[in-house]
Amino acid sequence: MAGHPGGASSLAHRYVFGFNEDVTQNAQWADETTLVYAAGYNIVLFSMSDRKQRFIHTTLGTSENLDGFTSIAICPSRRFLAVAEKGEQPEVHVFDLKTLRKRKNLVFNDASSRCQFNSLAFTHDNENIVALAGTPEWSLVVWRWAKGKQLILKRLSDMNSPLSLFSLNPLDSETNVVMGPQFLKFYRMNETDVTQMRSQQDQLMVNGAELTCMCWLKQPVDHIVVGNNQGKIGLYGNGEFICFLTMAVPEGAGVSSLVAVTSGLICGLTTGEFYYLQRASEVADGRSGMFRLAHTWSAEGQTAPVSFMSLSPSEDQLSAVFANCQLYSVEIAAPTDLKHDDMKPVVSSFHGPGAITGLDVCIRKPLAITCSLDRTVRVWNYQDRTLDSQKTFSEDPHSVAFHPSGLHVIIGFSDKLRLLNLLMDDIRVYRELPIKVCREVQFSHGGQYFAAANVNGVVMVYNFYTCEKIIDLRGHSSKVKSIFWGADDMTLISSGQDGAVYRWDWEENKRLGEFVQKGNVYNCALANADGVIAVGSDLYLKELDLPELQVVKEIDSGAMLSQIVLTQAEHLLFAGTAAENRPGMLRAYEFPLSGQYLEYACMGSAITRMRITYDDQFLLVADESGCLCIFDVKDRQDRGNRSLAGAQRDLVTWSEEILVTRSDLEEKYSNMLELKNKVDELQLHNEYQLRLKDMSYSEKIKEITEKYMQDLEQDKNKFELLREEKNDMEMEYEERIKQMEDKHQHELQDAENAYQQKIMQEVEHYQKLVQERNLQQERWEEQRVTLV
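Below, the structure is looked at part by part. Starting afresh in each chain, residues are numbered from 1 along the sequence in its written order. For this predicted model, a pLDDT threshold of at least 70 governs which residues receive local features, and a threshold of 80 or more governs which side-chain atom pairs are given and counted, while totals over whole chains, interfaces and linings are taken from all residues. Excluded from the side-chain calculation are hydrogens and water; included are all heavy atoms of the structure.

Examining the nonpolar core
- Core analysis: the biggest nonpolar cluster contains 48 residues, and Y37, L327, F574, L586, L619, L620 and V621 have the highest contact counts within it.
- Contacts were defined at the residue level, with two residues in contact if any of their heavy atoms lie within 4.5 Å. Sequence-distant contacts of Y37, defined by excluding residues within four places in its chain, comprise G18, F19, N26, A27, N42, I43, V44, F46, Q53, I72, L327 and V347.
- Among the buried residues, those of types Ala, Val, Leu, Ile, Met, Phe, Trp, Tyr and Cys that are joined through side-chain atoms within 4.5 Å form a nonpolar core. Think of it in three bands: residues with accessible area under 20% of the maximum for their type are buried, residues over 50% are exposed, and the middle band is partly exposed, with areas taken using a 1.4 Å probe on protein chains only. Membership of the second largest hydrophobic core comes to 20 residues, among which are F117, L120, A131 and W143.

Here it is in structure tokens:
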């Protein structure tokens, strides 16, 4: 049972490499630098600036009613995140993206049977959440999410075809569109009901065409475009078909994703290409030519359909999800300038679709290797959280083992077991062994031996360095599910589909102990100095004693456990669940076993492989969907101290050595010598050219100097002539000025004399007039006196 054992450790999610392609509307922007997406049974918040991940988990353990994520949505204000989970009563979890805490849990109590929400959206005011329930319900559910109140439940009619998506008008949320491969209807939503606006719109569904995607345009507003798998895009307004948009796509290509930008529309095709349709200002709204093809581009090496696209709030970044579980992004500030190599993986390239069939770690380097049914083998650096290298093969790899040195790899294929060297920039085969369908292969702790199981259940032990078969261990009658080397490399533990667990002294080809339970499948077994632990399809965790392998303890796990690992310090046992169509959970059992464990949300499907590093610091888990999750192991027994293996790890630095083949080295030396000779030739050529240019420039300088000196001499002579002319003119004009000044002086004197004489005459006249006035005044005075 789940609990909090005192000796158990806590696990912290470190990094997740993977993507849930079956989650609709996956990968949306929380802000300009944070991309939110579902990977495994985790909601990942990835920072584009520092490339770190934060995590949201809808549950801390297994819920019997929930089977995994189906859709996510971010509200228009970018504050809240809604996550839908399928189950008998599907739920919608609402999280605060700032605090990463759950704000509300919405349960669809009206579900008549196990179902899921195919699509999810917030209304434009952030107050309501609308969900499209899938089969067999086929209904629209509306919640006032802050109050947890269900407002509307609308059973949709005409359920002859499945429904996949719905979309709300981003301006008022009253108009919503429900779409399926053969279904397209417009609805009007109010506070109490959802009513159909128009009849079925089937213009895009002729000749067997199926609808694939839709999005609301930003210009013109209140218009929506819908695409189909035959490469056609229809424009709709007010629930009515308006026209087809003009766009020529390659033959056989369809439109698989649409996203609107302010300047137009971006289309993702089933061929992995992107078409940018720009708004044609000279064409009126509602005409087929209102958008014109302005640019096309693609992600380098990607040919899978583009299943979903999302824009950052400022429309500077575009994220794109491909059907092969790859997540890319590109800056689209100038869409017409994009090139094929501008689009890059957001985190790295991932496995998928397909289960990870093999996982292993080495000792001398912080590397892990995985192989998957997508026919790739990838090497991960779990310390730097990066993809170190990858190799694509022509057939499915079934198992992988990593040499402790981190320099060699063994991979099991359907026809052969191949030994490969991990080179600086390649993973190269150097030896093949005739072992068919090898699903289990494991190096010994020292790396000098490896054990591999063939399709008939025979475990073969080889000398790694000579590739010589040492022994065949026969006992299993069916497929071997796990191989485990004892601490001293002297014993082997094997478990199989035949219900048998064997402990071998492989050098003597002798069984030291056996435990057989017919009808059961033992998925994994391991051993320590005290006994053997095995898990199988009977849902029990068994502890077997040594040497007889008799059951001494049985713990009911309540779920099938597919993988177990024991820490080097032997205080924790980690187990992974593999329930069909359920998320894979990770359990941490205290050791020795007491039945108490902690459970952690981990993978989106059954766990297929699990490994712990030799310093007990990191736990790596893989699942059937191609997701790889890395955990930090934190010791609760003593948080201030690490395990003995961890302390020893600090004393040894990671190995920096790499493998280079002689041919590669010779080729590099040859290239270096060729380049050195080329540099020398270029240097001699450049020196010769410089000398030629020096001579040429010296001659030009001499010619220019001579010409300059001649011009300078001519200019000097000209200057002297001009100066003499200037002096002559100065003397001439000075004489003229002197004569003019004398003349002016004489004229001035004459004028002064003339005016002086005139003034004297006027003064005399004035005096005369004063006398006359005085005389007249005296007469007037006398006359006045006389009259008086």
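Concerning the sheet that holds strand β44 (residues 500–505)
- Pairing in this open sheet of 4 strands is antiparallel, and the strands run β42-β43-β44-β45 from one edge to the other. Of all strands in the sheet, those bounded by a partner on one side alone are β42 (480–485) and β45 (510–516). When strand polarity is set aside, the average angle formed by the axes of neighbouring strands in this sheet is 15 degrees.
- As defined by bridge partners, strand β43 (residues 491–496) adjoins β44 across 5 bridges and the pair is classed as antiparallel. Residue pairing across strands places S494 opposite Y502, the latter belonging to β44. Whether two strands pair comes down to DSSP finding at least two bridges between them. For helices the rule is a DSSP run of H or I covering at least 4 residues; for strands it is a run of E covering at least 2, with both sets numbered from the N terminus onward. Lines fitted to the C-alpha atoms define the axes, with helices restricted to the stretch that makes contact. Angles between their N-to-C directions range from 0 to 180 degrees.

Quick notes on a nonpolar patch on the surface
- Side chains of M424, I658, V660, L665, Y669 and M672 sit close together on the surface and give an oily, nonpolar patch of about 560 Å² of accessible area.
- With respect to the helices, strands and loops of the structure, M424 is situated in the loop between β36 (417–422) and β37 (427–433). Note that patches include only residues with greater than 30% relative accessible area and no salt bridge, and the join distances are 9 Å for like charges and 5 Å for nonpolar side chains (Val, Leu, Ile, Met, Phe, Trp, Tyr). Accessible areas in this description were obtained via Shrake-Rupley with a 1.4 Å probe; residue shielding takes into account the shown protein chains only. One speaks of a salt bridge when a side-chain nitrogen belonging to Lys or Arg is within 4 Å of a carboxyl oxygen belonging to Asp or Glu.

Some points on the sheet that holds strand β55 (residues 618–623)
- Overall, antiparallel pairing links the 4 strands, which are arranged β1-β56-β55-β54 in an open sheet. Bordering the open sheet on either side are β1 (10–17) and β54 (607–612), each of which pairs with just one other strand. Across the sheet, the mean angle from the axis of one strand to that of its neighbour is 25 degrees, orientation sign disregarded.

Examining the side chain of D623
- Mapping D623 onto the fold places it in strand β55.
- As used throughout, the charge tally considers Lys and Arg to be positive and Asp and Glu to be negative, leaving His and the chain termini uncounted. No salt bridge is formed by the buried D623; its nearest oppositely charged neighbour, R609, is found at 11 Å.
- Polar contacts, as counted here, are pairs of nitrogen or oxygen atoms within 3.5 Å of one another; within protein the pair requires one atom able to donate a hydrogen and one able to accept it, and residues that are adjacent in sequence qualify only if both atoms are side-chain atoms. Of the polar contacts made by the side chain of D623, one reaches the side chain of S625; its length is 2.8 Å.
- Excluding its chain neighbours within four sequence positions, the residues that come into contact with D623 are A355, I356, M603, G604, S605, A606, I607 and T608.

Some words on unusual backbone geometry
- The amide bond that connects Q219 to the next residue, P220, takes the cis arrangement and shows omega of -5 degrees.
- Checked against the element boundaries, P220 lands in the loop between β18 (211–216) and β19 (223–228).
- With an omega dihedral of -10 degrees, the bond running from G352 to P353 counts as a cis peptide bond.
- Notably, S173 is not glycine yet its phi reads approximately 65 degrees, a positive angle.
- Within the secondary structure layout, S173 lies in the loop between β14 (165–168) and β15 (175–180).
- Exposure remark for S173: the relative accessible area of 4% places this residue in the buried category.
- Positioned with a positive phi, N207 is a non-glycine residue whose angle comes to about 55 degrees.
- Structurally, N207 can be placed in the loop between β17 (194–196) and β18.

A short note on the pattern of salt bridges
- In the structure shown here, the tally under the stated rule is 32 salt bridges.
- For E191, the salt bridge is made with R144, and the minimal N-O distance between the two is 3.3 Å. Of this pair, E191 sits in the loop between β16 (183–189) and β17 while R144 sits in strand β12 (residues 139–144), and the two are 47 residues apart along the sequence.
- Bridged by salt links that share partners, the residues D67, E88, R114 and R582 form one connected network.

Section: the environment of T303
- The residue T303 is located in the loop between β25 (291–298) and β26 (306–311) in this model.
- Separated by 442 residues in sequence, T303 and Q745 have C-alpha atoms that sit 106 Å apart.
- Contact partners of T303, with chain neighbours within four places excluded, come to T270, T271 and G272.

Describing the pairing of strand β39 (residues 449–453)
- Among the 5 residues of β39, 5 are classified as buried, and the element is accordingly described as predominantly covered.
- Burial along β39 is two-sided: the face carrying Y449, A451 and A453 and the face carrying F450 and A452 are both buried.
- Pairing between strand β38 (residues 440–443) and β39: 4 bridges, direction antiparallel. Bridge assignment links F443 to a residue of β39, and that residue is F450.

Some details on the pairing of strand β34 (residues 399–402)
- Here β34 shows a buried face lined by S399 and A401 and a second buried face lined by V400 and F402.
- One ladder, built from 4 bridges, connects β34 with strand β35 (residues 408–412); its direction is antiparallel. Pairing of V400 across the sheet is with I411, part of β35.
- Connecting β34 to the antiparallel partner β35 that follows it, the hairpin turn spans 5 residues, and G406 within it adopts a positive phi of roughly 75 degrees.

A few points about the packing of aromatic side chains
- Only Phe, Tyr and Trp rings take part, Trp by its six-membered ring, and two of them pair if their centres are within 6.5 Å. Stacked means planes under 30 degrees apart, edge-to-face means over 60, and tilted covers everything else. Enumeration over the complete set of coordinates arrives at 26 aromatic pairs.
- Centroid distance F17 to W380: 4.5 Å. Interplanar angle 35 degrees. Geometry classified as tilted. Highlighted residues: F17 in strand β1 and W380 in strand β32 (residues 376–381), separated in sequence by 363 residues.
- For F17, a relative accessible area of 2% puts it in the buried group.
- Consider the rings of F515 and Y522, whose centres lie 6.0 Å apart with planes at 70 degrees: the pair is edge-to-face. Accessibility classification places F515 together with Y522 in one group, the buried group.
- Within the aromatic cluster, the residues linked to one another by ring pairs are F443, F450, Y462, F464 and Y465.
- Between R418 and the ring centre of F413, over which it is positioned, the NZ or CZ distance is 4.9 Å.
- Across from the ring centre of Y733, 5.2 Å away, lies the NZ or CZ of R736, which sits over that ring. Our definition puts a charge over a ring when NZ of Lys or CZ of Arg is within 6 Å of the ring centre and also within 35 degrees of the ring normal.

These values are about where atoms sit, not about what they do.
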